[in-house]
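Geometric and topological summary
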Amino acid sequence: MTTPARDYYGVLGLDRGASTEEIQRAYRKLARKYHPDVNKDPGAEERFKEIGEAYQVLSDPKSRQRYDRFGPSWRQVPEDFDAATAGSPFGGGFGSRTGGSRVWVDTGPGQSDLDLEDLLGQLFGSGGRGGGFGRGAVPGADTEAELELSVEEAYAGGRRRIALAGGGGSRSYEVTIPAGVTEGQRIRLAGQGGQGIGGGPPGDLYLVVRLLPHPRYRVNGRDLTVELPMSPWEAALGATVPVETPAGTAQVNVPAGSSSGRKLRLRGRGLPNPRGAAGDLYAEVRVMVPPDLSRAERKLFEQLAEKSTFDPRAAATRRSA
């Protein structure tokens, strides 16, 4: 039974005008997807071989040019093909000349003659006629794993040893964490991914940063938000109060008349950025009322209630209007 001819461009999901870069990108994407170390589906290995075969032909300019001239019908070329007597099986009007046991195809005026045996050798592999096509050296697949960090670890960076399970065991890695890594950022460990095939280089391992929930900080990119508890009199009269940051305690000036929810910006006190400006830290005012009032405190609040004309509900309505 004759094996159906493969359309190498179709195997890689490309059109015939694809550039070399597009062929490389398509191959790497598909090879990672169907690599036997990653994809355990029954048909994945065969698909992986097809992808490698298509890439080996189309990535070489000479073999790609020959494939483009003959198309998928190259498998139908008999070993003793003689275009002069048999005519071209590709629907063309090729002439031929022979030299010893080799067959040459005349491609027309101004074109270089093609050695058909050489063509078959390129397509089937170095063994020439009847040889098996090797899939060649195939790079290993890139892999990913999550790296959970606290806000403090992301802020400071540094060295950390991690262990990742896989392949029936676990491996240990010494990882350098850049200061200021953010949620979703990837840290590359070169050559620590899937193993290559046929002498191909290993892939890379990418550690995807996941910031753990923090009892104090809320994270938005490189910006941090922290609550700033204040007494009613501090919020009303204004005050300078301490606020905790990942780098230590800082002092923040709170303007008089600050209500809960007001955010005070501390420029550059968020997560650092090795390539630009650091994030900011926002201290969000939260007015706290004493849960248990002493007799003197209650009396003072009662006097304030008698004297004050402030209506918080009316003020809120005006702000929302």
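The present account deals with the structure reproduced in this document.

Cut-offs used in this document
- Residues numbered from 1 in each chain as written.
- Predicted model: local features only at pLDDT ≥ 70, side-chain atom pairs only at ≥ 80, totals over all residues.
- Heavy atoms only, no water.
- Salt bridge = Lys/Arg side-chain N within 4 Å of Asp/Glu carboxyl O.
- Helix = DSSP H or I, 4+ residues; strand = E, 2+ residues; numbered from the N terminus.
- Buried < 20%, exposed > 50% of the residue type's maximum accessible area, 1.4 Å probe, protein only.
- Pairing = 2+ DSSP bridges.
- Axes fitted to C-alpha atoms, helices over the stretch in contact; angles between N-to-C directions.
- Phe/Tyr/Trp six-rings, centres within 6.5 Å; stacked < 30°, edge-to-face > 60°.
- Lys NZ or Arg CZ within 6 Å of the ring centre and 35° of its normal.
- Expected span 1.5 Å × (residues − 1).
- Arc of directions from axis to C-beta.
- Parallel < 35°, antiparallel > 145°, perpendicular 65-115°, else oblique.
- Left-handed = near helix turned anticlockwise from the far one by under 90°.
- Contact = heavy atoms within 4.5 Å.
- Core = buried A, V, L, I, M, F, W, Y, C linked by side-chain atoms within 4.5 Å.

Things to note about the pattern of salt bridges
- Counted according to the given criterion, the structure contains 12 salt bridges.
- Its salt-bridge partner being Asp142, residue Arg32 comes within 3.0 Å of it at the nearest N-O pair. Taken together, the residues Arg32 in helix α2 (residues 20-34) and Asp142 in the loop between α6 (116-124) and β4 (143-149) connect sequence positions 110 residues apart.
- Judged by relative accessible area, which is 32%, Arg32 ranks as partly exposed.
- Arg286 is the partner of Glu227 in a salt bridge, and the nearest nitrogen-oxygen pair spans 3.2 Å. Separated by 59 residues along the polypeptide, Glu227 in strand β10 (residues 223-230) and Arg286 in strand β14 (residues 281-287) bring together distant segments of the chain.
- By relative accessible area, which is 39% here, Glu227 ends up partly exposed.
- According to the relative accessible area criterion, Arg286 is partly exposed, its value standing at 42%.
- Shared partners join several salt bridges into a network, and the residues in it are Glu146, Glu183 and Arg210.

Concerning the sheet that holds β4
- Spatially, β4-β8-β7 is the arrangement adopted by the three strands of the open sheet, whose pairing is mixed. The sheet terminates laterally at β4 and β7 (186-189), the two strands that pair on one side only. Across the sheet, the mean angle from the axis of one strand to that of its neighbour is 30°, orientation sign disregarded.
- Across four bridges, the pairing between β7 and strand β8 (residues 205-211) is antiparallel. Across the sheet, Leu189 pairs through a bridge with Leu205, a residue of β8.

Observations concerning the packing of aromatic side chains
- In this structure the tally under the stated criterion is one aromatic pair.
- Centre to centre, the rings of Tyr27 and Tyr55 are 4.0 Å apart; their planes meet at 15°, and the pair counts as stacked. Here the residue Tyr27 occupies a position in helix α2, and Tyr55 occupies one in helix α3 (residues 44-58), the gap between them amounting to 28 residues.
- You can call Tyr27 buried: its relative accessible area is 5%.
- The partly exposed category is assigned to Tyr55, whose relative accessible area is 22%.
- A cation sits over an aromatic face here: Arg47 above Tyr34, 5.1 Å from the ring centre.
- Here the basic side chain of Arg186 rests over the ring of Tyr206, its NZ or CZ set 3.9 Å away from the ring centre.

Notes on α2
- When the terminal C-alpha atoms of α2 are compared, their 21 Å separation across 15 residues agrees well with the 21 Å that a helix rising 1.5 Å per residue should span.
- Along α2, the residues classified as buried are Ile23, Ala26, Tyr27, Leu30, Ala31 and Tyr34. Projected down its long axis, α2 carries its buried residues within an arc of 125°, all on one side. Facing away from the buried side of α2, by more than 90 degrees, are the exposed residues Arg25, Lys29 and Lys33.

What about the packing of α2 against α3?
- Orientation of α2 relative to α3, taken along the N-to-C sense of each, is 165°, at an axis distance of 9 Å. Comparing their axes, α3 and α2 come out roughly antiparallel. Seen from above, α2 lies across α3 with left-handed handedness. Where α2 approaches α3, its residues Ile23, Gln24, Tyr27, Leu30, Ala31 and Tyr34 are matched on the opposing element by Ala44, Arg47, Phe48, Ile51, Gly52, Tyr55 and Leu58.

Looking at the nonpolar core
- One finds Tyr8, Leu12, Tyr34, Phe48, Ile51, Leu58 and Tyr67 to be the most contacted residues of the largest nonpolar core, which totals 20 residues.
- Among the secondary structure elements, those contributing two or more residues to this core are α1 (8-11), α2 and α3.
- Leu228, Val254, Leu264 and Leu266 belong to the second largest nonpolar core, which has 17 residues in total.

A word on the pairing of β14
- As paired elements, β10 and β14 share seven bridges and run parallel to each other. Counted as the bridge partner of Thr225 is Tyr282 from β14.
- Judged from the four bridges that link them, strand β13 (residues 263-266) and β14 form a sheet pairing that is antiparallel. Bridged to Leu266 within β14 is Leu281.

Shape is all these values report; function is a separate question.
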